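Structural description and commentary
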Amino acid sequence: AQSVAQPEDQVNVAEGNPLTVKCTYSVSGNPYLFWYVQYPNRGLQFLLKYITGDNLVKGSYGFEAEFNKSQTSFHLKKPSALVSDSALYFCAVRDKGNQNTGGFKTIFGAGTRLFVKA
Amino acid sequence: AAGVIQSPRHLIKEKRETATLKCYPIPRHDTVYWYQQGPGQDPQFLISFYEKMQSDKGSIPDRFSAQQFSDYHSELNMSSLELGDSALYFCASSLKRITGELFFGEGSRLTVL
């Protein structure tokens, strides 16, 4: 089964500094990878995805992620963090699911809480 | 732009009661997912529907059931509620079931007393 791992429960960074939130994946076949952000008591919001093509993917709010096949990683990055980026970030992978019924589901990592200090 | 609509946003139930959550996906999205998120946890996949047919099941208890109706809205029915069912329940929809990102509703917070 497909899975993703987020090795850090929490990341702390100062405003204006670059940030990285780590994610590694384990998949069979082509990986379909996603990043989502969640603010308190809100639904998850899509940031970016890697399906195929360029390894550097650009997404919403200035975020980007680099797909690295040899390291099986899909780290989320931003050149200059904002206090408003403080939130819970989830890496996710699309799982083949039940191929008899055509089901595909998204599996989420445990999440990384990002704190950006002013 | 239209988003995924969930109702109710909050509900409080007693143990052994029944609850029903509703979800209205984004128009033209063909896949609906239900997730359960406990405090401080990642969303756990419960069940999904593709073109109104159940397409996959995850860690959904037998006490729970779900369906998708002809107008594409979906309902999650939960019976014999337990304290451990207290969580945020999210509905999400997707335009492309294989590569498409999920669009989440704001969630329904269920508290079981």
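Throughout what follows, the structure given in this document is the object of discussion. (Residues numbered from 1 in each chain as written. Chains lettered and ligands numbered in written order. Predicted model: local features only at pLDDT ≥ 70, side-chain atom pairs only at ≥ 80, totals over all residues. Heavy atoms only, no water.)

1. Describing the packing of aromatic side chains
Residues and elements named next belong to chain B. Note the following rule: Between 30 and 60 degrees the pair is tilted, below 30 it is stacked and above 60 it is edge-to-face, where a pair is any two Phe, Tyr or Trp rings, Trp via its six-membered ring, whose centres lie within 6.5 Å. Runs of H or I in DSSP of at least four residues are treated as helices and runs of E of at least two as strands, each being numbered from the N terminus. Each residue gets one of three labels from its accessible area relative to the maximum for its type: buried under 20%, exposed over 50%, partly exposed in between, using a 1.4 Å probe on protein chains only.
Taken as a whole and assessed by the stated rule, the structure comprises 14 aromatic pairs over all chains. Here Tyr35 and Phe104 contribute two aromatic rings whose centre-to-centre distance is 5.9 Å and whose plane-to-plane angle is 45°, an arrangement assigned as tilted. Here Tyr35 is found in strand S4 (residues 31-37), whereas its partner Phe104 is found in strand S10 (residues 103-104), with 69 residues between them in sequence. Each of the two residues, Tyr35 as well as Phe104, counts as buried.

2. Section: the state of the cysteines
All names here are of chain A. Short version of the rule: Two cysteine sulfur atoms form a disulfide, by the criterion used here, when they sit within 2.5 Å.
For the coordinates displayed, the defined rule picks out two disulfides over all chains. Disulfide partner of Cys23: Cys91, at an S-S distance of 2.0 Å. Residues Cys23 and Cys91 share a disulfide whose torsion about the S-S bond is about -65°; that sign makes it left-handed. Taken together, the positions of Cys23 in the loop between strand S3 (19-21) and strand S4 (24-26) and Cys91 in strand S10 (residues 87-95) put the pair 68 residues apart, joining distant regions of the chain. A single burial state applies to Cys23 and to Cys91, both of which are buried.

3. Considerations on the pattern of salt bridges
To be explicit about the condition: Every case where a carboxyl oxygen of Asp or Glu lies within 4 Å of a side-chain nitrogen of Lys or Arg is listed as a salt bridge.
On inspection of all chains with the given rule, the structure shows nine salt bridges over all chains. Residue Asp85 of chain A pairs with Lys78 of chain A through a salt bridge whose shortest N-O separation is 2.8 Å.

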